Amino acid sequence: MTSDAPQPTPAPADSERGVRSAVVTGASTGIGEATVRALAAQGWRVFAVARRAERLERLAEETGAIAFPADIAEDDDVARLAAEVESRGGIDTLVNIAGGARGTEWVAEAKTEDWEWMLRVNVVGTMKITRAFLPMLRAYGRGTVLNLTSVAGLVSYEGGGGYNAAKFAEHGMTRALRLEEAEHNVRVIEVMPGLVKTDEFSLMRLGGNAEAAEKVYQGVAEPLTAEDVADVIRYAVTVPHHVNLDDIVIRPVAQAAAHKLIRRG
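What you see is a predicted model, and the numbers here were worked out from it, not measured in a lab. Within each chain, residues carry numbers counting from 1 in the order of the written sequence. Residues qualify for local features only when their pLDDT is at least 70, as the model is predicted, and side-chain atom pairs are given and counted only at 80 or more; totals for whole chains, interfaces and linings, by contrast, use all residues. Calculation of side-chain values draws on the structure's entire complement of heavy atoms; hydrogens and water are dropped beforehand.

## A few points about helix 5 (residues 112–140)
For step 1, the next point in the chain: Strands here are runs of E lasting at least two residues and helices are runs of H or I lasting at least four, both read from the DSSP assignment and numbered beginning at the N terminus. Expected span of a helix, by definition, is 1.5 Å for each gap between consecutive residues, and there is one gap fewer than residues. Between its terminal C-alpha atoms helix 5 stretches 41 Å, which fits the 42 Å expected from 29 residues at 1.5 Å a residue.
For step 2, the next point in the chain: To obtain the bend at a residue, axes are fitted to the seven residues ending there and to the seven starting there, and the angle between these axes is taken. Along helix 5, the largest kink reaches about 40 degrees and is centred on F133; proline P135 follows within four residues of it.

## Considering the environment of R178
For step 1, the next point in the chain: With respect to the helices and strands, the residue R178 is situated in helix 6 (residues 161–181).
For step 2, the next point in the chain: The exposure class assigned to R178 is buried, which follows from its relative accessible area of 15%.
For step 3, the next point in the chain: Each C-alpha atom of the pair R178 and N244 lies 9.9 Å from the other, and the pair is 66 residues apart in sequence.
For step 4, the next point in the chain: Excluding residues that lie within four positions of it along the chain, R178 makes contacts with V188, I189, E190, N244, D246 and D247. Each residue gets one of three labels from its accessible area relative to the maximum for its type: buried under 20%, exposed over 50%, partly exposed in between, using a 1.4 Å probe on protein chains only. Every residue pair with non-hydrogen atoms within 4.5 Å of one another is taken to be in contact.

## Details of the environment of A27
For step 1, the next point in the chain: Among the secondary structure elements, A27 is positioned in the loop between strand 1 (21–25) and helix 2 (30–41).
For step 2, the next point in the chain: Using a relative accessible area of 1% as the deciding quantity, one classes A27 as buried.
For step 3, the next point in the chain: A sequence separation of 71 residues divides A27 from A98, and the C-alpha atoms of the two residues are 7.5 Å apart.
For step 4, the next point in the chain: If we skip the residues at most four places from it in the chain, A27 touches G32, E33, V36, A48, V49, A50, L56 and L59.

## Examining the packing of aromatic side chains
For step 1, the next point in the chain: Ring pairs shown here join Phe, Tyr and Trp side chains whose ring centres sit within 6.5 Å, with only the six-membered ring taken for Trp; geometry is labelled stacked below 30 degrees between planes, edge-to-face above 60, and tilted in between. Under the defined criterion, the tally for this structure stands at 0 aromatic pairs.
For step 2, the next point in the chain: Definition used: whenever NZ (Lys) or CZ (Arg) falls within 6 Å of the ring centre and also within 35 degrees of the ring normal, the charge is taken to sit over that ring. Across the ring face of W117, the terminal group of R102 is positioned such that the distance to the ring centre comes to 4.0 Å.

## Side note on the nonpolar core
For step 1, the next point in the chain: Residue types Ala, Val, Leu, Ile, Met, Phe, Trp, Tyr and Cys, when buried and joined through side-chain atoms within 4.5 Å, form a set referred to as a nonpolar core. Core analysis: the biggest nonpolar cluster contains 33 residues, and I31, V36, L146, V191, V229 and I233 have the highest contact counts within it.
For step 2, the next point in the chain: Counting only elements with at least two residues in this core, the list comes to strand 1, helix 2, strand 2 (45–50), helix 3 (53–63), strand 5 (144–148), strand 6 (187–193), helix 9 (226–238) and strand 9 (247–250).
For step 3, the next point in the chain: Among the elements that line this core, the one with the most residues is helix 9, at 6 residues.
For step 4, the next point in the chain: Among residues more than four places away in sequence, those in contact with V229 are I31, L148, V191, P193, V196, L224 and I250.
For step 5, the next point in the chain: Residues A82, I91, L177 and V188 belong to the second largest nonpolar core, which totals 24 residues.

This is the structure in structure tokens:
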């Protein structure tokens, strides 16, 4: 019987010497970029993965991270990444941040291409890269997978059907993964942010309409920043390995719940 899953690989050599190593996806902007910076600042060896090579190269120059341009939903790219990481000694931590939202149409007006993109990047891409690195994390003996999802995977809202569908699916996949990998001593962490003001998330979702994107945060005194979320991610993956922070919801104080956002002025 054959399987798409790769075969076990040796334990990460650098991790055995006490140097923590991670792959961080979605590293060219926002929370992914901030996470690369946060881990690199603490001495981690970080593989920064995203599609935009130029941004990755700048990030690598500034942080010492290893830039690897790739699309996590493409099998060939994932295979190249896994081979490169293994050749450099492997990792003990996988941080899945790549994802995003497109469109705010209600289901009745849903755009098929937007839904397919969201499911491909948030769900299928996360599955493919996780599947590729699980043998390495298992072989290490104390591996970590952290998936960045969203509170959109907990509570639905009008105009969010496609993104809700993708993040509910990623949330469900993360919970299944935790059950499946506990026997291999691979801890699985989920971080679910609320309102985060980053350069591109709302712009992408709203088709590049800068005015509409700015209105998402209008009147909110202190939305979360990418650095806020990255700091939580850094903490979650650096606590002693026997500690598993299963589900972490992080919101600004102004966002008491999905339906309650305080706007001033």
